[in-house]
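Listed here are the chains, written in short residue letters.
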Amino acid sequence: MKLLTFFFLFIFSIQLSAQQYEKELDDYFTALTNLKNFNGNVKIAKNNKILLDKTYNIPDEDKALQVNKNSKFIIASVSKIFVKYGILKLVEQGKLKLSDPLNKYISDFPNGEKISIENLLFHQSGLPREIKDYEKYDHLSLEKIIELAKQEPLQFQPGTQTLYSNVGNFILHDLIGKLSDKGYWNFIQTEIIKKYHLKNTSEFNSAQSLSDFAYGFSSENGKIIAVPHTSINRFETGNYVSTTDDLYSFSQQLISGKNLRKDLVLTMFGKDSQLVQAGGRPGYRAYYYQNLKSGITFIFTSNFTDIPFQKVTEDIIHLLNDQPYSIPQKISRKTIEVSDEILKQYTGKFALEADHSQIFTIILENNFLYILDKDGEKTKIYPESQTSFFDNPESEDGYQFVNTHDDQYDLVIISTGVKLKAKRVQ
């Protein structure tokens, strides 16, 4: 009798804990939504127990922004999970090895003898994040992307560093097309979409009618607006639409090892036993987090750009691990006066460490600093301290100047909570 009583108390404590998690998670995303910092679907589980599965819509906004449980979202770079899976499926089929050099499959690729398939898979190829001046192209075929990739110099010797590379992912996509029997899309449909029963997942095609499609929105000067059709129609290889239900279903079936050999499944998760992929493009944000050690799976899809991405992803993992986190609150940053003498120290040109082609110029005009991107778009920034600046007083995003040596300053750009380092180049 005592044992039975203990059993029921134990079950009750688990349920109570799950209910507490659900309340805290819901409170977090409700606060975020009310601050107009999230719009979309969220699904969170721990040790196979669903803790949150809910839709959040920003109140009192355009009805076109509103989504529901069946909404399909562009998931941008979260699509790379399927590309990674596809490569490992080819390994299982004996059509390539992770140790193979790239020039085995693309014979004239510069430095192809140094770059392994594994380097490409784990962003250690030395190839840059993007094709140079990719923004100027309205449409790029995969064939053209590969030709442009051949012109890109290596950022470092393959295997010695890690640098996120969309270029490397395009090459993996190309290899799936070359090595599979009936081409890339047929392979993905056969090996992933059909085998995992992903009924609401497909490669995005703007020319095709799509039911329950969530159109993308962004925030501009405090107003929520639909992104241009050119952003929606932008060509991106391997770009998918999906739902939180499909992505969660994939995560659960993946670890079973039923459709892909278990050792190759574990390869997807890497040394830290985590499969993590963020996705973003104008009007959309998506996130896939699966941790085999903690048992946490955290997925969201959103048709709204203005999300404090890094803060949200860190806060939720902290919450689920019973670590300190903070509920989103309204931000109201204040400007202070800073002398021109100090401001002049920050003027110059700065290149992103992750993408050297992205150059930002800081100028001083009428006692204020302005930041110009490489297209010349000019943004006024306001001092919050002598080294910290912002352009929107209601956002945590901003700009920080870091003293390196001899009063020389590098720049840190904080965008949707992500810190991007930029070194002074002039």
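None of the values given here were measured: they were computed from a predicted structure.

## A few points about the packing of aromatic side chains
Here comes step 1: Taken as a whole and judged by the stated rule, the model has 29 aromatic pairs.
Here comes step 2: Between Phe 350 and Phe 401, the ring centres sit 6.4 Å apart and the planes meet at 65 degrees, which makes this aromatic pair edge-to-face. Here Phe 401 lies in strand 16 (residues 398-405) and Phe 350 lies in strand 11 (residues 348-352), a separation of 51 residues in the sequence. One exposure class covers both Phe 350 and Phe 401, and it is buried.
Here comes step 3: Lying across the ring of Tyr 370, Lys 378 places its NZ or CZ 4.8 Å from the centre.

## Some thoughts on the packing of helix 2 (residues 80-92) against helix 6 (residues 184-194)
Here comes step 1: Relative to each other, helix 2 and helix 6 sit at 85 degrees, their axes nearing to 11 Å. Considered as vectors, helix 2 and helix 6 are oriented roughly perpendicular to each other. On helix 6, the residues that touch Phe 82, Val 83, Tyr 85, Gly 86, Lys 89 and Leu 90 of helix 2 are Tyr 184, Phe 187, Ile 188, Glu 191 and Ile 192.
Here comes step 2: When the residues that make up the contact of helix 2 with helix 6 are grouped by side-chain class, the tally is eight nonpolar, one polar and two charged.

## Thoughts on the sheet that holds strand 8 (residues 274-281)
Here comes step 1: Taken in spatial order, the five strands of this open sheet run 2-1-10-9-8, and their pairing is antiparallel. Edge positions in the sheet fall to strand 2 (49-56) and strand 8, since each of these pairs with one other strand and no more. Each strand of the sheet is rotated relative to its neighbour by a mean of 5 degrees, with strand direction disregarded.
Here comes step 2: Where strand 1 (residues 40-46) and strand 2 come together, seven bridges link them in antiparallel fashion. Each residue of the ladder has a partner; that of Val 42, found in strand 2, is Lys 54.

## With respect to unusual backbone geometry
Here comes step 1: A positive phi angle, near 60 degrees, is found at Asp 60, a position not held by glycine.
Here comes step 2: Examined against the element boundaries, Asp 60 turns out to sit in the loop between strand 2 and strand 3 (73-74).
Here comes step 3: Backbone geometry at Ser 273 places phi at a positive 60 degrees, although glycine is not the residue there.
Here comes step 4: With respect to the helices and strands, Ser 273 occurs in the loop between helix 9 (262-269) and strand 8.
Here comes step 5: Residue Ser 273 is classed as buried on the basis of its relative accessible area of 17%.

## What about the pattern of salt bridges?
Here comes step 1: Tallied over the entire structure, the rule returns 22 salt bridges.
Here comes step 2: With a shortest N-O distance of 2.8 Å, Lys 23 and Asp 27 are connected by a salt bridge. A residue pair is termed a helical-turn pair when its members lie 3 or 4 positions apart in one helix, as Lys 23 and Asp 27 do in helix 1 (residues 2-34) at four residues.
Here comes step 3: Accessibility expressed as a relative area gives 48% for Lys 23, which makes it partly exposed.

## Focus: the nonpolar core
Here comes step 1: By size, the foremost hydrophobic cluster in this structure holds 57 residues, and its most contacted members are Ile 87, Ile 117, Ile 171, Phe 250, Leu 254, Met 268 and Tyr 288.
Here comes step 2: Counting only elements with at least two residues in this core, the list comes to helix 2, helix 3 (117-121), helix 4 (142-149), helix 5 (166-179), helix 6, helix 8 (244-254), helix 9 and strand 9 (284-291).
Here comes step 3: The element best represented in this core is helix 2, accounting for eight residues.
Here comes step 4: Ignoring sequence-local partners within four residues, the contact set of Ile 117 consists of Ile 87, Leu 96, Lys 97, Leu 98, Asp 100, Tyr 105, Leu 172 and Leu 175.

## Focus on helix 6
Here comes step 1: Within helix 6, the full set of buried residues consists of Tyr 184, Phe 187, Ile 188, Glu 191, Ile 192 and Ile 193. Down the axis of helix 6, the buried side of the element spans an arc of 160 degrees, and every buried residue falls inside it.
Here comes step 2: Here the buried face of helix 6 lies against helix 2, helix 5, strand 4 (202-203), strand 7 (240-242) and helix 8.

## Observations concerning the environment of Glu 220
Here comes step 1: Within the secondary structure layout, Glu 220 lies in strand 5 (residues 217-220).
Here comes step 2: Given the relative accessible area of 47%, Glu 220 is considered partly exposed.
Here comes step 3: Along the backbone, Glu 220 and Ala 31 are 189 residues apart, and their C-alpha atoms lie at a distance of 21 Å.

## Brief notes about the side chain of Gln 290
Here comes step 1: Structurally, Gln 290 can be placed in strand 9.
Here comes step 2: For Gln 290, a relative accessible area of 2% corresponds to the buried category.
Here comes step 3: Within the structure, the side chain of Gln 290 is placed 2.9 Å from the backbone oxygen of Ser 251, a separation counted as a polar contact.
Here comes step 4: Among the polar contacts listed, one links the side chain of Gln 290 to the side chain of Tyr 288, at a separation of 2.6 Å.

## Here's the deal with the pairing of strand 10 (residues 296-302)
Here comes step 1: For strand 10, a buried count of seven out of seven residues is recorded, marking the element as mostly surrounded by other parts of the structure.
Here comes step 2: The alternating pattern of strand 10 places Ile 296, Phe 298, Phe 300 and Ser 302 and Thr 297, Ile 299 and Thr 301 on opposite faces, both of which are buried.
Here comes step 3: As paired elements, strand 1 and strand 10 share seven bridges and run antiparallel to each other. From the neighbouring strand, Ala 45 faces strand 10, where its bridge partner is Thr 297.
Here comes step 4: With antiparallel pairing between neighbouring strands as the criterion, strand 9 and strand 10 make up a hairpin whose turn holds four residues, including Gly 295 at a positive phi of roughly 75 degrees.

## Some thoughts on the confidence of the model for the chain
Here comes step 1: Looking at the chain, the pLDDT average stands at 89 and 92% of residues meet or exceed 70.
Here comes step 2: Below pLDDT 50 for its whole length, residues 1-16 participates in zero contacts with residues either more than four positions away or in separate chains.

## Quick notes on the sheet that holds strand 4
Sheet strands associate in pairs through backbone hydrogen bonding, adopting either a parallel or an antiparallel arrangement.
Here comes step 1: Read across the open sheet, the three strands follow the order 3-7-4; overall the sheet is antiparallel. Only two strands of the sheet have a single neighbouring strand rather than two, namely strand 3 and strand 4.
Here comes step 2: The pairing of strand 4 with strand 7 spans two bridges and is classified as antiparallel. Looking at strand 7, one finds that Glu 203 is bridged to Tyr 240.

## Let's talk about the pairing of strand 18 (residues 418-424)
Here comes step 1: Pairing geometry for strand 11 and strand 18, over three bridges, is antiparallel. Note that in strand 18 the partner of Ala 351 across the bridge is Lys 423.
Here comes step 2: Here strand 17 (residues 408-415) runs beside strand 18; their pairing, made up of five bridges, is antiparallel. Residue pairing for strand 18: Ile 413 is matched across the bridge by Leu 420.

Conventions used here
Residues numbered from 1 in each chain as written. Predicted model: local features only at pLDDT ≥ 70, side-chain atom pairs only at ≥ 80, totals over all residues. Heavy atoms only, no water. Phe/Tyr/Trp six-rings, centres within 6.5 Å; stacked < 30°, edge-to-face > 60°. Helix = DSSP H or I, 4+ residues; strand = E, 2+ residues; numbered from the N terminus. Buried < 20%, exposed > 50% of the residue type's maximum accessible area, 1.4 Å probe, protein only. Lys NZ or Arg CZ within 6 Å of the ring centre and 35° of its normal. Axes fitted to C-alpha atoms, helices over the stretch in contact; angles between N-to-C directions. Parallel < 35°, antiparallel > 145°, perpendicular 65-115°, else oblique. Contact = heavy atoms within 4.5 Å. Nonpolar A, V, L, I, M, F, W, Y, C, P; charged D, E, K, R; others polar. Pairing = 2+ DSSP bridges. Salt bridge = Lys/Arg side-chain N within 4 Å of Asp/Glu carboxyl O. Core = buried A, V, L, I, M, F, W, Y, C linked by side-chain atoms within 4.5 Å. Arc of directions from axis to C-beta. Polar contact = N/O pair within 3.5 Å; in protein donor to acceptor, adjacent residues only side chain to side chain. pLDDT = per-residue confidence, 0-100.

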